[in-house]
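Fold and contact review
The residues making up each chain are set out below.
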Amino acid sequence: MRNTYYCCLGLNRRHGQSLRRSMDELSRFMAQPPLEEPYRFVELADDKREKIQDAFDHCTKLDDFLGKVVVTMTTDMLPLLILCPPESTIAQLARKRERTACWGASFGDRDECSCYWLSLVYHLNDKHTIWHEALHLLGADDCYDKETKERTCELPNCIMQFEDPKQGYGQGLPLCQANIERVKKHIAEMRKDHSSDAPHRLQ
Ligand SMILES: [Zn+2]
Ligand SMILES: [Zn+2]
């Protein structure tokens, strides 16, 4: 079983704990229908987290930070999900770069490595926003029109749409059929890559 690492940067202990619970909840839902993938989100070990925190605190350019993450994590440990405060420098730089990145941003060339390899989440009030970015790392696509922000999939409470659905997200992990298939396919590919120790290609 492969897992995806996450870390909390610049957040107090209490906030970190509640985010950890949200990540554990997501891991549990991954194993249940409709995904049924025993896949876990695991907190990054302290030694790695400290290095990433140091880069996060000191980098003043987004690309410098992304470069430091790649060096620190080594390719077999990516992708990485970072949870951080919206006022942090890196979060502000990410928001400036991407017009639609109001709550979080994902990085990576999807043509080259078929997936994003780093997600930053800085809107931390709703676990669904965090799960949205986490699932980008597992191959899920956005379900909204980039211009109108309107939902483009069949599921009214799909987690990959832009705005909170009017009736709420309900229970579990609401994900449309197309994204269920993308995530399952992506996890299968990651398992294959991992078993042959092939490095992920990065941009
Ligand atoms: Zn998205
Ligand atoms: Zn959808």
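Residues numbered from 1 in each chain as written. Chains lettered and ligands numbered in written order. Predicted model: local features only at pLDDT ≥ 70, side-chain atom pairs only at ≥ 80, totals over all residues.

1. A look at the overall build of the protein chain
A count of helices and strands for the protein chain gives 7 helices and 5 strands. Listing every helix and strand of the protein chain by position from the N terminus yields β-α-β-α-α-β-α-β-α-β-α-α. Relative to the 2.2 N^0.38 estimate, which gives 17 Å for 203 residues, the radius of gyration of the protein chain is 16 Å and therefore close to what a compact globule would have. Expressed along its principal axes, the backbone C-alpha trace of the protein chain runs to roughly 45 × 40 × 35 Å. For the protein chain, buried positions account for 34% of its 203 residues. Within the protein chain, contacts between residues at least 6 apart in sequence are counted, and of these 59% link residues at least 24 apart. (Helix = DSSP H or I, 4+ residues; strand = E, 2+ residues; numbered from the N terminus. Rg over C-alpha atoms; globule rule 2.2 N^0.38 Å. Buried ≥ 20, exposed ≤ 12 C-beta atoms within 10 Å, placed from the backbone. Contact = placed C-beta atoms within 7 Å.)

2. Overview of helix α4 (residues 89–97)
Considered for burial, the residues of α4 that qualify are Ile-90, Ala-91 and Ala-94. Down the axis of α4, the buried set is contained in an arc of 100°. They therefore lie on one face. Buried residues along α4 sit in contact with α2 (46–58), α3 (62–73), β4 (104–107) and β5 (118–121). (Arc of directions from axis to C-beta.)

3. So, the confidence of the model for the protein chain
In low-pLDDT segments, the atomic positions of the prediction should not be examined closely. Of the residues in the protein chain, 91% reach a pLDDT of 70 or more, and the chain-wide mean stands at 89. Counting interchain partners and residues more than four positions distant, the pLDDT-below-50 stretch residues 197–203 has 18 contacts. (pLDDT = per-residue confidence, 0-100.)

4. With respect to the environment of Ser-119
One can find Ser-119 in strand β5. By C-beta crowding, Ser-119 is classed as buried, having 25 other C-beta atoms within 10 Å. Distance from Ser-119 to Tyr-6, taken between C-alpha atoms, is 9.2 Å for residues 113 residues apart in sequence. Non-local contacts of Ser-119, meaning those with residues more than four positions away in its chain, are made with Leu-81, Ile-82, Gly-104, Ser-106, Glu-133, Ala-134, His-136 and Leu-137.

5. Points about the sheet that holds strand β1 (residues 3–8)
Taken in spatial order, the 5 strands of this open sheet run β2-β1-β3-β5-β4, and their pairing is mixed. Since the sheet does not close on itself, it has two edges, and those belong to β2 (40–43) and β4, each with one partner. Taken pair by pair, the neighbouring strands of this sheet meet at an average axis angle of 20°, ignoring direction. (Pairing = 2+ DSSP bridges. Axes fitted to C-alpha atoms, helices over the stretch in contact; angles between N-to-C directions.)

6. Here's the deal with the nonpolar core
Counting 53 residues, the largest nonpolar core has Tyr-6, Leu-81, Leu-83, Cys-84 and Leu-120 as its most contacted members. Among residues more than four places away in sequence, those in contact with Leu-83 are Tyr-6, Cys-8, Leu-11, Leu-19, Val-121, Leu-124 and Ile-130. (Core = buried A, V, L, I, M, F, W, Y, C linked by C-beta atoms within 7 Å.)

7. Some remarks on the pairing of β1
Within β1, 5 of the 6 residues are buried, leaving the element largely enclosed by the surrounding structure. Sheet analysis places β1 next to β2, joined by 4 bridges and oriented parallel. What sits directly across from Tyr-5, in β2, is Val-42. As a crossover connection, the stretch from β1 through helix α1 (residues 13–31) into β2 is right-handed. (Right-handed = clockwise from strand over helix to strand, strands pointing away.)

8. Focus on the pairing of strand β3 (residues 80–83)
Note on strand geometry: in a regular strand, side chains alternate between the two faces of the sheet. With burial as the criterion, each face of β3 is covered, one bearing Leu-80 and Ile-82 and the other bearing Leu-81 and Leu-83. Relative to β3, β1 runs parallel, the two being bridged by 4 bridges. Among the inter-strand pairings, Cys-8 is bridged to a residue of β3, identified as Leu-83. Of the pairings in the sheet, the one linking β3 to β5 comprises 4 bridges and is parallel in character. From the neighbouring strand, Leu-80 faces β5, where its bridge partner is Leu-118.

9. Notes on the packing of α2 against α3
Running from N to C, α2 and α3 point in directions that differ by 165°, and their axes come no closer than 9 Å. Here α2 lies roughly antiparallel to α3, going by the angle between them. Crossing hand, α2 versus α3: right-handed. The residues of α3 that touch α2, namely those facing Lys-48, Lys-51, Ile-52, Ala-55 and Phe-56, are Phe-65, Lys-68, Val-69, Thr-72 and Met-73. Its residues assigned to classes, the contact of α2 with α3 shows 6 nonpolar, 1 polar and 3 charged. (Parallel < 35°, antiparallel > 145°, perpendicular 65-115°, else oblique. Left-handed = near helix turned anticlockwise from the far one by under 90°. Nonpolar A, V, L, I, M, F, W, Y, C, P; charged D, E, K, R; others polar.)

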